[in-house]
Amino acid sequence: MPEGHVIHRLARDLTEKFAGQRVRVSSPQGRFAASAALIDTHVLTHADAYGKQLFVHFAGPHVVSIHLGLIGKLRIQPLADPGPTVRLRIANSNTAADLIGPQWCRLITESEMATAVAKLGADPLRADADPEWLWSRVSHSGRTIASLLMDQKLFAGVGNIYRAEPLFRLGLSPFTPGRELSRGQFDALWRDLVTLMKAGVTAGRIDTVRPEHTPEAMGREPRKDDHGGEVYVYRRAGLPCHVCGTPISHQVLEGRNLFWCPACQC
């Protein structure tokens with residue numbers, strides 16, 4: 001499932017390509033056809049992201065709410081004939097944004113959007129995020145920080161990679177209960193999430209290793225993985241830690257794969 005930086009990048013790109021324009025909106029697949037007809041030729045004002053949810057705003061009361069889920073993709077590319085699986089197409093005279101396989105694509109009102117956003121936690125990529133509110137919940141929780149980080153009602157937009165990597169970078173055990181984190185540890189975790197996720201928006205990929213641990217600095221082969229990017233622990237189970245050489249550990253926690261270094265994060 002795409003992490004929050006992907007959704008923020010899509011919101012940025014949609015705004016850059018279509019904001020202020022009357023766009024053609026259609027549903028080649030047909031499942032969104034009735035809703036598409038209501039906003040076809042309307043002005044797209046902007047797009048924005050909260051956590052893993054994308055909202056595309058049109059002049060008037062309409063907002064398209066999108067969650068890509070596990071297999072969804074939104075491609076912005078030169079205008080061409082759409083494929084039959086495109087749920088939603090937003091297009092101008094030369095560019096199309098085609099949505100395929102989302103978990104959901106809904107036409108909602110601004111009021112309904114506000115209700116949906118109110119259920120989400122603090123998004124490290126948003127200037128209006130409230131880490132004080134988040135600290136008040138984390139610091140009173142007996143759940144592990146690894147569990148808390150995956151809760152979208154707390155850390156909106158954080159996924160499996162952005163869970164594992166900051167914990168490693170800060171030397172925090174993923175099994176530490178939230179209430180046992182110091183305020184300094186929480187603040188450092190929040191700052192690292194903000195830094196890493198902003199870099200992800202800029203680069204379009206997730207890189208978390210420090211300069212001294214890049215392939216060039218260490219004389220090692222670059223990482224080969226569908227997710228791309230250089231990381232410390234994510235999907236590196238059994239491989240040596242880049243810092244201490246200890247094999248990276250792995251276990252399933254609440255249905256999701258968790259990776260950590262048992263030596264650096266003890």
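For the structure, see preceding data.
Residues numbered from 1 in each chain as written. Predicted model: local features only at pLDDT ≥ 70, side-chain atom pairs only at ≥ 80, totals over all residues. Heavy atoms only, no water.

Undergrad: Hey, could you go over helix H7 (residues 183-203) for me, with residue numbers and the actual values?
TA: Taking 1.5 Å per residue, 21 residues should reach 30 Å; H7 reaches 30 Å between its end C-alpha atoms and fits that length. For H7, the set of buried residues is Phe186, Ala188, Leu189, Trp190, Asp192, Leu193, Val194, Leu196, Met197, Gly200 and Val201. The secondary structure elements touched by the buried residues of H7 are helix H1 (4-18), helix H4 (131-138), helix H5 (145-149) and helix H6 (160-169). Of the residues flanking the end of H7, it is Gly204, one or two places downstream, whose phi is positive at about 75°. (Helix = DSSP H or I, 4+ residues; strand = E, 2+ residues; numbered from the N terminus. Expected span 1.5 Å × (residues − 1). Buried < 20%, exposed > 50% of the residue type's maximum accessible area, 1.4 Å probe, protein only. Contact = heavy atoms within 4.5 Å.)

Undergrad: So what about the side chain of Arg163? Which residues, and what values?
TA: The residue Arg163 is located in helix H6 in this model. An unpaired buried charge is present at Arg163: no salt bridge exists, and Glu254, the closest side chain of opposite charge, is 6.4 Å distant. In terms of polar contacts, Arg163 uses its side chain to reach the backbone carbonyl oxygen of Ala146, at 3.0 Å. Side-chain polar atoms of Arg163 contact the backbone oxygen of Asn257, separated by 3.1 Å. Leaving out residues up to four positions away in the same chain, Arg163 has contacts with Ala146, Leu149, Met150, Val158, Leu253, Arg256, Asn257 and Leu258. (Lys, Arg positive; Asp, Glu negative; His and termini not counted. Salt bridge = Lys/Arg side-chain N within 4 Å of Asp/Glu carboxyl O. Polar contact = N/O pair within 3.5 Å; in protein donor to acceptor, adjacent residues only side chain to side chain.)

On their own, these measurements won't tell you what the molecule is for.
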